[in-house]
Amino acid sequence: MKRVVIAGGAGFIGSHLCERFLSEGYEVYCVDNLYTGSKENIRHLLEREKKFHFIYASILDPLDIACDLVLNFACPASPPHYQKDPIYTARTSFEGTRHLLEMAKKYQARFLLASTSEVYGDPEVHPQNESYRGNVNPIGIRSCYDEGKRIAETLTMDYHRFYGMDTKIIRIFNTYGPRMLENDGRVVSNFIVQALKGEPLTIYGDGNQTRSFCYVSDLVEGIYRMSIKDNFVGPVNLGNPEEYTMRQLATLVLELTQSSSPLHFLPLPEDDPKRRRPDITLAQKALGWSPTVPVKEGLKATITYFQKRFFG
Ligand code: UDP
């Protein structure tokens with residue numbers, strides 16, 4: 001039986017990964033300090049799954065769990081959360097990643113880093129493929145996360161080259177779905193929660209900036225395929241190439257929730273990328289992976305999730 005350590009396993013994406021690896025027959029060690037993760041996300045696993053273990057710990061401390069695979073999903077990932085304590089965010093990316101790499105080295109385990117489209121910064125190349133080196137501000141308010149993930153990528157590649165470790169990097173583009181935090185500050189959760197509560201939808205800037213939204217089940221499939229793929233280090237983009245402006249997204253959310261909330265325009269945050277869309281050619285070729293859930297369907301499922309949470 002294989003043993004996987006999922007750091008950040010009580011978070012939005014991490015908890016879906018725990019479910020997937022359990023269903024694939026793994027013994028799952030979910031490591032989380034509940035900074036943005038929540039026990040609610042994994043309660044059903046704690047109650048029902050014998051092969052699921054929760055370890056309350058921060059990756060800022062060294063860990064020692066015998067395992068075959070380590071997945072690093074431990075980092076606050078939405079702008080309000082990663083900006084709340086930017087030094088903590090940068091330390092989590094560097095020191096935390098190093099601790100997990102050391103553990104993987106000790107047990108000769110495979111290591112996968114969850115990196116991000118943020119490594120491309122405010123991109124001058126569109127859509128973004130993996131060979132694009134990015135346009136990142138090293139001293140801005142997003143840098144703790146952007147540069148944090150960039151140094152985490154560097155560290156991962158250096159462990160691969162220097163110690164010959166089996167490492168992998170994925171770059172995750174905007175992802176949404178059940179178990180997003182309602183106070184995450186992300187656009188999908190904000191719009192849905194605002195629409196359901198009849199509050200104004202907050203659009204930052206003129207709303208013409210774009211993002212591409214991937215439903216969580218599609219992302220998990222891509223991550224799983226990457227985790228079990230031999231001889232493929234990456235980095236590889238994982239995301240849905242369907243691109244929307246924030247205005248279009250707001251219109252779609254209003255339509256699907258049948259809400260008559262007005263739009264409320266607010267200033268654009270500093271260094272907010274203008275356009276973002278993944279080029280997923282590499283993932284298609286190397287992993288045979290493409291997203292399958294249309295945005296409308298994914299949004300409907302996410303709306304149902306938030307409806308249940310708020311209105312029972
Ligand atoms: N955004 C918005 N209203 C919100 C939250 C976010 O218009 O209530 C915008 C934000 O400025 C950005 C886009 O939506 O251009 C995506 O923001 P999010 O924080 O979800 O993700 P990221 O910027 O990290 O891609």
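It should be emphasised that the depicted structure is a prediction, and the values quoted were computed from it without experimental measurement. (Residues numbered from 1 in each chain as written. Predicted model: local features only at pLDDT ≥ 70, side-chain atom pairs only at ≥ 80, totals over all residues. Heavy atoms only, no water.)

**Student:** Just give me the short version of the packing of helix α6 (residues 187–197) against helix α10 (residues 295–311), but keep the residues and values in it.
**Tutor:** In the contact formed by α6 and α10, the axes pass within 10 Å of each other and the chain directions differ by 55°. Comparing the axis directions of α6 and α10 gives the class oblique. Helix-helix and strand crossings are classified by hand; for α6 and α10 the assignment is right-handed. Note on element contacts: α10 touches α6 through Leu 299, Thr 302, Ile 303, Phe 306, Gln 307, Phe 310 and Phe 311, opposite Val 188, Ser 189, Ile 192, Val 193, Leu 196 and Lys 197. (Axes fitted to C-alpha atoms, helices over the stretch in contact; angles between N-to-C directions. Helix = DSSP H or I, 4+ residues; strand = E, 2+ residues; numbered from the N terminus. Parallel < 35°, antiparallel > 145°, perpendicular 65-115°, else oblique. Left-handed = near helix turned anticlockwise from the far one by under 90°. Contact = heavy atoms within 4.5 Å.)

**Student:** Explain the site of the ligand residue by residue, including any values.
**Tutor:** Neighbouring the ligand are 18 residues, the closest being Val 187, Thr 202, Arg 211, Asp 272 and Arg 276. Measuring from an oxygen atom of the ligand, one finds a side-chain N or O atom of Asn 174 at 2.9 Å. Separating an oxygen atom of the ligand from a side-chain N or O atom of Asp 272 is a distance of 2.5 Å. Summarising the interface, the protein chains cover 96% of the accessible area of the ligand, which totals 510 Å² for the free molecule. (Near = heavy atom within 4 Å. Polar contact = N/O pair within 3.5 Å; in protein donor to acceptor, adjacent residues only side chain to side chain. Areas by Shrake-Rupley, 256 points an atom, 1.4 Å probe, with all protein chains shown as cover.)

**Student:** Describe the pattern of salt bridges, listing the residues and the values that go with them.
**Tutor:** All chains considered together, the criterion is met by 24 salt bridges. Between Glu 24 and Arg 20 there is a salt bridge; the shortest N-O distance is 2.9 Å. Judged by its relative accessible area of 35%, Glu 24 is partly exposed. Look at Arg 20 and you get buried, because its relative accessible area is 18%. Between Arg 277 and Glu 243 there is a salt bridge; the shortest N-O distance is 2.8 Å. Placement of Arg 277 in the loop between β13 (263–266) and α9 (281–287) and of Glu 243 in strand β12 (residues 243–245) is noted, with a sequence separation of 34 residues between them. Overall, the relative accessible area of 25% leaves Arg 277 in the partly exposed class. When its relative accessible area of 22% is taken as the criterion, Glu 243 is described as partly exposed. What you see here is one network of salt bridges that share partners, running through Glu 118, Arg 142, Arg 211, Asp 272 and Arg 276. (Salt bridge = Lys/Arg side-chain N within 4 Å of Asp/Glu carboxyl O. Buried < 20%, exposed > 50% of the residue type's maximum accessible area, 1.4 Å probe, protein only.)

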